[in-house]
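One letter stands for each residue in the lines below.
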2 protein chains.
Amino acid sequence: MTRAGRNGRDQLPAVRSRGVPEATIARLPLYHRALVALDDRGATTVSSEELAVAAGVNSAKLRKDLSYLGSYGTRGVGYDVNYLVYQISRELGLTQDWPVVIVGVGNLGHALANYQGFASRGFRIAALVDAAPELTGESVGGLCVHPLADLERIVADAGVCIGVVATPAGAAQEVCDRLVAAGVGSVLNFAAVPLRVPVGVDVRRVDLASELQILAFHQQRKQIEAGREAAV
Amino acid sequence: MTRAGRNGRDQLPAVRSRGVPEATIARLPLYHRALVALDDRGATTVSSEELAVAAGVNSAKLRKDLSYLGSYGTRGVGYDVNYLVYQISRELGLTQDWPVVIVGVGNLGHALANYQGFASRGFRIAALVDAAPELTGESVGGLCVHPLADLERIVADAGVCIGVVATPAGAAQEVCDRLVAAGVGSVLNFAAVPLRVPVGVDVRRVDLASELQILAFHQQRKQIEAGREAAV
DNA sequence: AAGTGTGAATTGATTCACAGCC
DNA sequence: GGCTGTGAATCAATTCACACTT
């Protein structure tokens, strides 16, 4: 766990979040989503086993995870869906509005600007920002693109504390520095470089090519394995 | 670690890949990228400390990780950049060509089709597939969109073994089932549901909204903390 | 009878610290 | 003298298994 880097597995923490383990935190969004889906289907109660299946984890882990938040279940019965949704929402900060700024309106920035999954979870795109003058004023996903020079003003005016870096690798660190200087405390990094940030600022990296490479690694192993068996 | 699910930290493994720990595998792409960048800048040798900084990890972890692959460094000197790039490439299966099929050509599918980072790392988009008839024949990122009915044929003809699911949540499981039935052994899942797959098939999930939620969790903690201090 | 909550055991990952080699 | 490679120590996450509650 580093303040700035990491992989499918070791990102963040800067403030050791009360007692909730990092691995548990990373699964809470999963549980939240599964619960919302169950609620939509009219379920009022779930057992740890049912919820675990819906979230794609095993039930022991789920119960352990939930136990870090409190004792929200009823023995012999299960969990009240609505109550648990509420508790997890509160824990995740979903009950508040999070204005987000997206820097870099290339392919990915475009997709993010149009992505519906953000709005439905309390994330509001406060502004899109791009360095390219020809994009300034363009409308993307219903939002107008602002010049990079406006970054600081936007962060201050909208009270942005989460920034998304979707720029080319070469621009990422500078953009990140400016975001942090302007007061942003959390950065989601799609660029292919690790971002250096001061202690207290959190960064998560999402690296699409890395994800494919990890799959390729396992795939290759499987094929070697299959070849070996065929040879025997 | 489940065959199908995951957390900020626990995805995959199906074939316990020789001796290399999962956490190490997930960092290899990071090292690979940092090395390529160093090579571009003309470096011929790196110490574990330099490479660690470039990759955003600490040097002890880096050395331990590399030691799982073999003893590729020279004591007192460091690592030969080219040689190490080669060894990691080989380990990751980067020396071979990986045809990939992308199912779902919405916002995200578009961005993925245009994403340059794939091609440069041995991943070739063999085809784009979408269920919407009005997209069939359209050209996206220089590739023509095929109807969903062609999925099995495409996988077979192009020898696809990695599939990318970028469909709405409701369609994801069915698409995944068809991919797996057609012979795909690794799936990258951008949909907001866990995919159930048979043992031996690997799935990695990338969930953009979850990443923001994890950041929001930490951000909220920081703000509560800051409020508490201000009150004292 | 059913199912949560949790200590204890286990497994896995990270960090330390230094012997060994260049 | 500098830096890798790695056992040993530590720390974190997962799983087990069962006491306890409804």
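Residues numbered from 1 in each chain as written. Chains lettered and ligands numbered in written order. Predicted model: local features only at pLDDT ≥ 70, side-chain atom pairs only at ≥ 80, totals over all residues. Heavy atoms only, no water.

Participant: Which residues make up helix α9 (residues 208-231) of chain B, and what values go with them?
Facilitator: Between the first and last C-alpha of α9(B) there are 35 Å, a value that for 24 residues agrees with the 34 Å anticipated at 1.5 Å per step. Two or three places before A209(B), at the opening of α9(B), D207(B) has a side-chain oxygen 3.2 Å from that residue's backbone nitrogen. (Helix = DSSP H or I, 4+ residues; strand = E, 2+ residues; numbered from the N terminus. Expected span 1.5 Å × (residues − 1). Polar contact = N/O pair within 3.5 Å; in protein donor to acceptor, adjacent residues only side chain to side chain.)

Participant: Describe the domain arrangement of chain A, naming the residues involved and giving the relevant values.
Facilitator: Domain annotation for chain A reports domain 1 (3-92) and domain 2 (98-209). Here the C-alpha centroids of domain 1 of chain A and domain 2 of chain A sit 28 Å apart. (Domains from an automatic or database assignment.)

Participant: Any details on the interface of chain B and chain A? Residues and values, ideally.
Facilitator: Tallying the contact residues gives 77 residues for chain B and 78 residues for chain A. In total, chain B and chain A occlude about 7300 Å² of area from one another, counting both sides; carbon and sulfur atoms represent 60% of this. The tally of links from chain B across to chain A stands at 8 salt bridges. Residue R33(B) is joined to D207(A) by a salt bridge in which the shortest nitrogen-to-oxygen separation is 2.0 Å. Remark: the boundary between chain B and chain A carries 26 residue pairs in polar contact (both at pLDDT 80 or more). Looking at which element gives the most residues to the side of chain B that touches chain A, the answer is α9(B), with 16 residues. Each residue belonging to the side of chain B that touches chain A can be placed in one class, and the counts come to 38 nonpolar, 21 polar and 18 charged. (Contact = heavy atoms within 4.5 Å. Buried area = accessible area lost by both parts, 1.4 Å probe. Salt bridge = Lys/Arg side-chain N within 4 Å of Asp/Glu carboxyl O. Nonpolar A, V, L, I, M, F, W, Y, C, P; charged D, E, K, R; others polar.)

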